[in-house]
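# Survey of secondary and tertiary structure
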Amino acid sequence: MVESIKLFMNNFAESIVTFLGFGVEAANYVYVFLISMIPVVELRGALPVAYALDLHPIASYITALLGNLFPVPFILFLITPLCRALQKTKILAWFPRWMERKVEKNRDKIERYKFWGLCIFVAIPLPGTGAWTGALAAAFLNYKFKDAFLSILCGVCIAGVIVSLISFGIFGVIIN
């Protein structure tokens, strides 16, 4: 299963690069971009992959950041109408309720500090936090798009710096 997903991602990345007329190295950046769009994995998984592919740290950071932010506007705009539609179905009505319970667990922390609460929640590089979860929380908490996006952007930038420092070994350079 993992091999088939990897093969699909490689073929997809190479198809995009071939279509755009870029070199083979660009396929690795497309790969990093696509990985950073995956929920839970996000740029926290994409930047170590960029390191393993021996890509440039700053280019990798920017690529992962853009990939991680790409789904955020769609989530902010579309999750509420999607959840309303799902609540009307018998089979998928559980999903919006499940998401609301997840948001409720962190509501106090996020609402207490508003912009910075959401930013810090997104910035913590652990599973269950990140741009996807932050966007879902912002949508369920009825944040304005601009405020939510800027807060998530700030959090993703911070998480990207933390993961880049760890992935590319800059902490080791500073400490030694």
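Coordinates for the structure precede this section.
The following paragraphs examine the structure supplied in this document. (Residues numbered from 1 in each chain as written. Predicted model: local features only at pLDDT ≥ 70, side-chain atom pairs only at ≥ 80, totals over all residues. Heavy atoms only, no water.)

## Quick notes on the nonpolar core
Counting residues in hydrophobic clusters, the biggest one holds 39 residues, and the most contacted among them are Val 72, Ile 79, Ile 110, Leu 118, Tyr 143, Ile 152 and Val 156. Mapped onto this core, the elements with two or more residues apiece are helix H2 (24-36), helix H3 (42-52), helix H4 (57-69), helix H5 (72-87), helix H6 (94-123), helix H7 (131-140) and helix H8 (145-167). Per-element tally for this core: the top contributor is H7, with 7 residues. Residue contacts for Ile 152: discarding those within four places in its chain leaves Leu 69, Val 72, Leu 118, Val 122, Ala 131, Gly 134 and Ala 135. (Core = buried A, V, L, I, M, F, W, Y, C linked by side-chain atoms within 4.5 Å. Buried < 20%, exposed > 50% of the residue type's maximum accessible area, 1.4 Å probe, protein only. Helix = DSSP H or I, 4+ residues; strand = E, 2+ residues; numbered from the N terminus. Contact = heavy atoms within 4.5 Å.)

## A word on a positive patch on the surface
Together, Lys 102, Lys 105, Lys 109 and Arg 112 make up a positively charged patch on the protein surface. Within the element layout of this structure, Arg 112 appears in helix H6. We classify Arg 112 as exposed; its relative accessible area is 55%. (Patch = residues over 30% accessible without salt bridge, like charges linked within 9 Å, V, L, I, M, F, W, Y side chains within 5 Å. Areas by Shrake-Rupley, 256 points an atom, 1.4 Å probe, with all protein chains shown as cover. Salt bridge = Lys/Arg side-chain N within 4 Å of Asp/Glu carboxyl O. Lys, Arg positive; Asp, Glu negative; His and termini not counted. Charge placed at Lys NZ, Arg CZ, Asp CG, Glu CD.)

## Remarks on unusual backbone geometry
Positive phi, close to 75 degrees, is recorded for Val 40, a residue that is not glycine. Position of Val 40 relative to the elements: it lies in the loop between H2 and H3. For Asn 142, which is not glycine, the phi dihedral falls at a positive 60 degrees. Inspection of the secondary structure assignment puts Asn 142 in the loop between H7 and H8.

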